[in-house]
Amino acid sequence: MSHFHSLSIDRVQQDTRDAIIVSLHLPDELRSVFAYQQGQHLTLRAMIDGEDVRRSYSLCSAVQDQQLQIAIKKVSGGVFSGWAHANLKAGMTIDVMPPMGHFQVPLQPAQSRHYLAFAAGSGITPIYSIIKTSLLTEPHSRVTLVYGNRASSTVMLREALADLKDRFLDRLSIVHVMSREKQEIDLFNGRIDADKCRALAEHWIKINDVDVAFICGPESMTRQVSETLQSLGMIKDQIKTELFSAATVDAAAAAARRQARTSDASVLGAQCEVSFIIDGHHHQITMQRDTQSLLDAGLAHGIDIRYACKGGICATCRCKVVEGRVDMDANHALEDYEIARGFVLSCQAFAASERLVLDFDQDS
Ligand SMILES: Cc1cc2nc3c(=O)[nH]c(=O)nc-3n(C[C@H](O)[C@H](O)[C@H](O)COP(=O)(O)OP(=O)(O)OC[C@H]3O[C@@H](n4cnc5c(N)ncnc54)[C@H](O)[C@@H]3O)c2cc1C
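Residues numbered from 1 in each chain as written. Predicted model: local features only at pLDDT ≥ 70, side-chain atom pairs only at ≥ 80, totals over all residues.

Participant: Got a minute to help me understand the sheet that holds strand β5 (residues 68–73) in this structure?
Facilitator: Strands in a sheet are paired, the pairing made by backbone hydrogen bonds, and the direction either parallel or antiparallel. Taking strand neighbours across the sheet as the criterion, the six strands line up as β4-β3-β6-β1-β2-β5 in an open arrangement whose pairing is antiparallel. In this open sheet, the two edge strands, each paired with only one partner strand, are β4 (51–58) and β5. With strand direction ignored, the average angle separating the axes of adjacent strands in the sheet is 40°. Pairing of strand β3 (residues 41–48) with β4, which is carried by eight bridges, proceeds in the antiparallel orientation. Within the sheet, the bridge partner assigned to Arg-45 lies in β4 and is Arg-54. Where helix α1 (residues 79–87) meets the sheet, its contacts fall on β2 (19–24), β3, β4 and β5, and the angle it forms with β3 comes to roughly 80°. (Pairing = 2+ DSSP bridges. Helix = DSSP H or I, 4+ residues; strand = E, 2+ residues; numbered from the N terminus. Axes fitted to C-alpha atoms, helices over the stretch in contact; angles between N-to-C directions. Contact = placed C-beta atoms within 7 Å.)

Laid out in structure tokens, this is it:
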């Protein structure tokens, strides 16, 4: 189910001081397996100090490019990003799971839309893929990008964005917002937050003209921009968000839920019969309801379940509850309509009934 494939690395380029762009070689026999949509991500796996470490990285290439390219920003003290910067070289191989993710909207060549995108730091990677694919697929659509960084030296994919701007002069507008480098227009100085979003809407972007907005960046920026766009008249369904990591405040909320669950006498020590449907096969286990997430219980029984972040962010372990009930600690990835259809994140889900059937094969 994990379906990792060993891909060789064609090229590793330094993008900024802290970011590398990694181009992966895609052999012809894997082209259909790795066919991707704009805004999707790959999960990479490496053994680091004897541990199986998996992290997700968004594709930063257009669908038309047919090129598996990711950009990895080095996070201070980060296990995988630090290892990747020190070790990834052209010619070596790395384990990669096929593309996943729902951070996109369907495109139609006849459509004439205005897409608005907000990105901060490494959040530009899926946004770049979305922008380029949209401009290439829909010749009558246009895009406004608001991209936040500390200074021009930290702007990831800077050259690629400049090339895109040259190519689509009339249909792409890029606003760089810098927090530590003064720009002539004061509106473009500072950080992307609720006030900046409101000011841009007042002076620069006609929000009632926007069809869909995409936001990718730190959690507080993503939340503030989404809320502001809604206060300015956009509806939630018009706004797509993607998070790379979540704030620790949610860990506290999850801990409180866990505490409530383990102090519930009816749950304490209770068992659950779980059936995991994966690649058409049924795997049955009996697990304790209060101690382990469904993902951890399945993995402990040797079931090959796909996963990456284990933090409720990447949605790699998404599945559908076909029978029974679960209790989710955190969700930073699923949209309301997916939850309404019964989808859960198995890394965050705990059994809340005596029997459960989880289907990992359903995608929509
Ligand atoms: C769907 C998805 C797509 C992603 N796409 C990209 C991408 O295109 N490029 C990219 O560079 N990263 C991307 N990420 C983030 C990436 O998966 C890793 O989380 C990141 O590289 C840090 O991993 P690490 O092992 O180095 O850090 P860890 O060892 O996991 O963390 C070390 C410390 O850094 C903090 N931290 C973790 N992630 C971040 C982050 N993104 N920003 C700031 N602090 C963080 C942690 O809270 C911890 O304190 C994506 C994540 C998801 C879920």
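Participant: Is there a simple way to think about helix α5 (residues 219–231) in this case?
Facilitator: What sets the pattern is the α-helix's 3.6 residues per turn: residues three or four places apart point alike. Helix length check: α5 (13 residues) gives 18 Å between terminal C-alpha atoms against 18 Å at 1.5 Å per residue, within 8%. Along α5, the positions that sit buried rather than exposed are Met-221, Thr-222, Gln-224, Val-225, Ser-226, Thr-228 and Leu-229. Gly-233 occupies a position one or two residues after α5 and carries a positive phi of about 115°. (Expected span 1.5 Å × (residues − 1). Buried ≥ 20, exposed ≤ 12 C-beta atoms within 10 Å, placed from the backbone.)

Participant: Help me understand the nonpolar core in this model?
Facilitator: Among soluble globular proteins, nonpolar side chains are generally buried collectively. Membership of the largest hydrophobic core comes to 54 residues, with the highest contact counts inside it found for Ala-117, Ala-119, Ile-127 and Ile-131. Two domains each donate at least three residues to this core, and these are domain 1 (5–100) and domain 2 (114–242). Look past the residues within four positions of Ile-131 in its chain and what remains in contact with it is Ala-117, Val-143, Leu-145 and Leu-164. If you look at the next biggest cluster of nonpolar residues, it comprises 32 residues, including Cys-309, Phe-343, Cys-347 and Leu-358. (Core = buried A, V, L, I, M, F, W, Y, C linked by C-beta atoms within 7 Å. Domains from an automatic or database assignment.)

Participant: Help me understand the sheet that holds strand β7 (residues 114–120), please; the structure alone is not making it clear to me.
Facilitator: Pairing is parallel across the open sheet formed by five strands, whose spatial order is β9-β8-β7-β10-β11. Edge positions in the open sheet fall to β9 (172–178) and β11 (239–242), since each of these has one partner strand only. Averaged over all pairs of adjacent strands, the angle between their axes in this sheet comes to 15°, without regard to strand direction. One ladder, built from four bridges, connects strand β10 (residues 212–216) with β11; its direction is parallel. The partner of Cys-216 across the bridge, within β11, is Glu-242.

Participant: Would you take a moment to explain the packing of helix α4 (residues 194–203) against α5 for this structure?
Facilitator: If you want to describe how two helices pack, look at the angle between their axes and the distance between the axes. It is at 8 Å that the axes of α4 and α5 come closest, and there the two elements cross at 40°. On the basis of the axis angle, α4 is oblique to α5. The hand of the α4/α5 crossing is right-handed. Judged by residue contacts, Ala-194, Cys-197 and Arg-198 of α4 engage Gln-224, Val-225, Glu-227, Thr-228 and Leu-229 from α5. Looking at the contact of α4 with α5, its residues break down into four nonpolar, two polar and two charged. (Parallel < 35°, antiparallel > 145°, perpendicular 65-115°, else oblique. Left-handed = near helix turned anticlockwise from the far one by under 90°. Nonpolar A, V, L, I, M, F, W, Y, C, P; charged D, E, K, R; others polar.)

Participant: How should the domain arrangement of the protein chain be read in this particular structure?
Facilitator: A common measure of how large an interface is: the accessible area buried when the components associate. Assigned domains of the protein chain: these are domain 1 (5–100), domain 2 (114–242) and domain 3 (251–359). In this structure, domain 1 and domain 3 have C-alpha centres spaced 28 Å apart. Taken together, the contact pairs six residues of domain 1 with five residues of domain 3. Contributing elements (two or more residues each) for the side of domain 1 that touches domain 3: β4 and β6 (93–100).

Participant: Any chance you could explain the site of the ligand here in plain terms?
Facilitator: Taken together, 23 residues form the shell around the ligand, and within it Gly-78, Phe-80, Ser-81, Thr-125 and Ser-245 come nearest. Mapped by element, the contributors of at least two residues to the shell around the ligand are β4, β5 and α1. Residue composition of the shell around the ligand, by class: 11 nonpolar, 10 polar and two charged. Formed jointly, the shell around the ligand draws a minimum of three residues from each of two domains, domain 1 (5–100) and domain 3 (251–359). (Near = placed C-beta within 6 Å.)

Participant: Just checking my understanding: could you explain the pairing of β10 for this structure?
Facilitator: Across a regular strand the side chains alternate sides, sitting on one face of the sheet and then on the other. Burial of β10 is extensive: four of the five residues sit out of reach of the surface. Two strands pair when backbone bridges link them, and β7 and β10 are joined in this way by five bridges, in the parallel orientation. Each bridged residue has a counterpart across the sheet, and for Ala-119 the counterpart in β10 is Cys-216.

Participant: Sorry if this is basic, but what is going on with unusual backbone geometry here?
Facilitator: One can expect most non-glycine residues to show negative phi and most peptide bonds to be in trans. The phi dihedral of Lys-310 is positive, around 55°, even though this residue is not glycine. If you trace the backbone, Lys-310 turns up in the loop between α7 (294–300) and β14 (318–323). Positive phi is not limited to glycine here, since Ala-315 has a value of about 70°. Following the sequence through the fold, Ala-315 ends up in the loop between α7 and β14. Residue classification places Ala-315 among the buried residues on the basis of 24 C-beta atoms within 10 Å.

Participant: Could you clarify how one ought to interpret the environment of Gly-217 in this entry?
Facilitator: Within the fold, Gly-217 resides in the loop between β10 and α5. In sequence terms Gly-217 and Phe-4 are 213 residues apart; their C-alpha atoms lie 27 Å from each other. In contact with Gly-217, other than residues within four places in its own chain, are Phe-118, Ala-119, Ala-120, Gly-121, Gly-123, Gly-148, Ile-192 and Thr-222.

Participant: Can you walk me through the pairing of β2 in this structure?
Facilitator: Where strand β1 (residues 5–16) lies against β2, six bridges are found, and the strand directions are antiparallel. By the bridge assignment for β2, Val-12 is matched with Val-22. Following β1, the chain reverses through two residues before pairing antiparallel with β2. Here β2 runs beside β5; their pairing, made up of six bridges, is antiparallel. Counterpart to Ala-19 in the pairing with β5 is Lys-73.

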